[in-house]
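# What the coordinates show
Residues per chain, in single letters:
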Amino acid sequence: MALGVAAALGLVGVAHASPIYLGQATEFKFNPDAVGNTLIQHYGSAANGNATNFSITNTDHSNGKAVKVRVRSAVNSDDLFDFTLLMSPSDMWTGVITTNPATGLASLVTRDKSCTLPDIGGGKYNDFSTHRLPSEMSAAELSDWTREFYIEILTMADIPGPKADANPFKSKTWGAYEWDTGSQDPANIENNWGRLFKAVKHVNGVAPCTPSVLNTANYGQFFSSMAAANKRGLDHPTGSLFGNTTIMNGSTNMVFSDEMSAILATGEGGKKAPANFVFAPQDRVAIAGGADLWTSDPLFRQKHVSGATRVLPAINLGGLQIDITLPRVQAFANDMPDLSTPYVQGPNINTPDGPLSSVGKLMGQLAVTSIANEFFTGEAYGGGTDWTLSNPLRRYQVAMDYTADALREDLVQAYDGRVYTLPGTITGALGYWPDYWVQYYDPWNTQLDKRRGKRICWGAQGVAQWDREETTIINGFDLSPSIPGGLHFCGEATVLSIGSAAVPTEVLGAKVTVSSMSSPFSEGWAKISTANPATDGYFVPFFGQLPSNPEWNAIDTRGLPILGAAFMKSRGVPAPGVSTNYGMSFKHRVEREAKLVPTAGVLRGFKAGSSSPAGE
């Protein structure tokens, strides 16, 4: 499309992301009622006979929704598959992630009649992509990395429908959402529907998905203004989604169900309010200049980016200047939005600090200092337990650059591929920290495990176990596979198998992010400490350290933003000669006692107006 035509249509070149258009909402919080603008499914599997069914329901009876659905690998959160779902009012969409027997890759299959961009319906296999996974891995290893995952779902925009009592000559719900206003016939509401609403609204159980409307000429580029978006039938998103998932295995006849976590945008009085307009086209066209206004993903950014032991992009090694260009991975339009995109009013929006402040507040809400749950491994009853420990926001502070090994060998020692969104300076002086930013993942509490294809691992501070009668053991267990430097769990979504070191695990059949923990007890409960104390290096993000103060670790606990559940199996004999498998799942119980929490206007961990750590 010629640039002049694009401008006439109110669109801007997709090579440059639009600014984020502010809505009325001021808070973005996890909603215990599980309805919201954004949903997170913390773990799913298509491995070892599993299939993951999931559903998305729009509880809004008046407005449709333009929704980004993205599936990420459980290993390092790399994007495997994404699409745009266009829901009509009161719509429910369903799909299943399974293994394509022809390719061995995880694949999404849906026969749902709602519109998607691109068209993924009809019951065909939509294979997950390995484009962003390590190129040196074998085909079998790449397939394994696609079959364990988590899902993020984001309402990008509402698709407003007309109100039955609206005045067509006064209300924007009639004409302002159409690029040709039609007859504005008050006697026949359908004559006044905007083209987009009409294209996604079900008729006799099937959405028309009109090709002349749902094409890249109309929705393949960022919008230059809210007025332009309104003329294409889009408006600020409101939180009306809920989602459910079910992991099923036909071989073991076990089923585990879970509800998705929800984040809701609210305004005055804590009531639901229109959020920022974050529509991004479902188009794989490069975003020029990085995506700093839209994401804190360190691979996509040009500012506030650091390696594990050095600032990017440039360093001088023995007189030889080595440049590591930024961004490390080219962001495309369909990579946006993500969970760090500023969704409500707040500091630094439409600046490179905006996504950091936005995701910082979310991470603070999820940060837990301990995780507790039950386990059952009794052999007499076929017992087994897997815990999931999912870090769905970790990607927005640390990611893996798989091209590190292709750089000069002398440089690899200074750059192992871990890339952090970590504000600071190369001199070791105190860095600049945006509002609401706490560095939950840094070079001191993460490690790199290269034994299974470069997995980023995160550290915990200990585990205690109890049986049913108060007998306890603290840190007297084996964690496998172990890596140097303390207690670490590898992967974005780790599966911890209790009482068994089998891989695949006995309950979820997990393989790529597995840890196992021995136990002298066959039933009881356990508690993992995720206090995540701030190290000396935390206060000086790059080179150098302030003089050591042993009290900092006792004072400045951060916690970790973790979701998860315990999945348990057992075997019963309901009748002579009949054996039945049972599956159970229970969300983790957590403590939230972090001392270092997201706040506005002060250096993280420092008193306002002071250069000394809080409590010193």
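In this text the structure is predicted, and so the values were computed from the model without any measurement.

### Section: the nonpolar core
In this structure, Ile56, Ile97 and Leu234 are the most contacted members of the largest nonpolar core, which totals 116 residues. Looking at which element gives the most residues to this core, the answer is strand E10 (residues 148-159), with seven residues. Counting 13 residues, the second largest nonpolar core, distinct from the first, contains Ala74, Ile247, Val507 and Ala565.

### Quick word on the state of the cysteines
For the coordinates displayed, the defined rule picks out two disulfides. A sulfur-sulfur separation of 2.2 Å characterises the disulfide bridge that pairs cysteine 115 with cysteine 209. Residues cysteine 115 and cysteine 209 are joined by a disulfide whose S-S torsion is about -100°; by sign, that bridge is left-handed. Taken together, the residues span a long stretch of sequence, with cysteine 115 in strand E8 (residues 115-117) and cysteine 209 in the loop between helix H3 (195-200) and helix H4 (216-219) at a distance of 94 residues. According to the relative accessible area criterion, cysteine 115 is buried, its value standing at 0%. Residue classification places cysteine 209 among the partly exposed residues on the basis of a relative accessible area of 25%. There is a disulfide in this structure between cysteine 457 and cysteine 490, and the S-S distance comes to 2.0 Å. One disulfide, between cysteine 457 and cysteine 490, carries an S-S torsion of 90° and so falls in the right-handed class.

### A closer look at the sheet that holds strand E5 (residues 79-87)
Read across the sheet, seven strands follow the order E1-E13-E2-E10-E4-E5-E8 without closing on themselves; strand pairing throughout is antiparallel. Two strands bound the open sheet, and with one partner strand each, they are strand E1 (27-30) and E8. Averaged over all pairs of adjacent strands, the angle between strand axes in this sheet comes to 20°, irrespective of strand direction. As judged from the six bridges shared by strand E2 (residues 38-45) and E10, these two strands associate in the antiparallel manner. Of the residues in E10, the one forming a bridge with serine 45 is glutamate 148. The strands touched by helix H2 (residues 139-146) within the sheet are strand E4 (64-73), E5 and E10, with E10 carrying the most contacts at an inclination of about 50°. The strands that helix H6 (residues 354-366) touches are E1 and strand E13 (261-266); relative to E1, the one it contacts most, it runs at about 30°.

### Thoughts on the sheet that holds strand E22 (residues 446-449)
What holds strands together in a sheet is hydrogen bonding between their backbones, with the strands either parallel or antiparallel. The sheet built from three strands is open, its strands ordered E22-E23-E27 with antiparallel pairing. Both outer strands of the open sheet, E22 and strand E27 (488-490), are each paired with one neighbouring strand and no more. The sheet shows a mean angle of 35° between the axes of neighbouring strands, direction not considered. Here strand E23 (residues 455-459) pairs with E27 via three bridges, running antiparallel. Its bridge partner lying in E27, glycine 459 is registered against histidine 488.

### Structural notes on H6
With 13 residues, H6 should cover 18 Å at 1.5 Å per step; its first-to-last C-alpha distance of 19 Å lies within 8% of that length. The element H6 is largely enclosed, with a buried count of 10 among its 13 residues.

### Comments concerning the packing of aromatic side chains
Enumeration according to the criterion identifies 17 aromatic pairs in this entry. Each ring, one from phenylalanine 256 and one from phenylalanine 567, has its centre 5.4 Å from the other, and the planes form 85°; the classification is edge-to-face. Taken together, the residues span a long stretch of sequence, with phenylalanine 256 in strand E12 (residues 254-259) and phenylalanine 567 in strand E32 (residues 565-575) at a distance of 311 residues. Here the aromatic cluster, defined as three or more aromatic residues joined through ring pairs, consists of Phe54, Phe81, Phe83, Trp93, Phe128 and Phe149. In this structure, arginine 284 is placed above the aromatic ring of phenylalanine 332, and the distance from its NZ or CZ to the ring centre is 4.2 Å. Above the plane of the ring of tyrosine 436 lies lysine 361, whose end atom (NZ or CZ) is 4.6 Å from the centre.

Scoring rules and cut-offs
- Residues numbered from 1 in each chain as written.
- Predicted model: local features only at pLDDT ≥ 70, side-chain atom pairs only at ≥ 80, totals over all residues.
- Heavy atoms only, no water.
- Core = buried A, V, L, I, M, F, W, Y, C linked by side-chain atoms within 4.5 Å.
- Buried < 20%, exposed > 50% of the residue type's maximum accessible area, 1.4 Å probe, protein only.
- Helix = DSSP H or I, 4+ residues; strand = E, 2+ residues; numbered from the N terminus.
- Disulfide = S-S within 2.5 Å.
- Pairing = 2+ DSSP bridges.
- Axes fitted to C-alpha atoms, helices over the stretch in contact; angles between N-to-C directions.
- Contact = heavy atoms within 4.5 Å.
- Expected span 1.5 Å × (residues − 1).
- Phe/Tyr/Trp six-rings, centres within 6.5 Å; stacked < 30°, edge-to-face > 60°.
- Lys NZ or Arg CZ within 6 Å of the ring centre and 35° of its normal.

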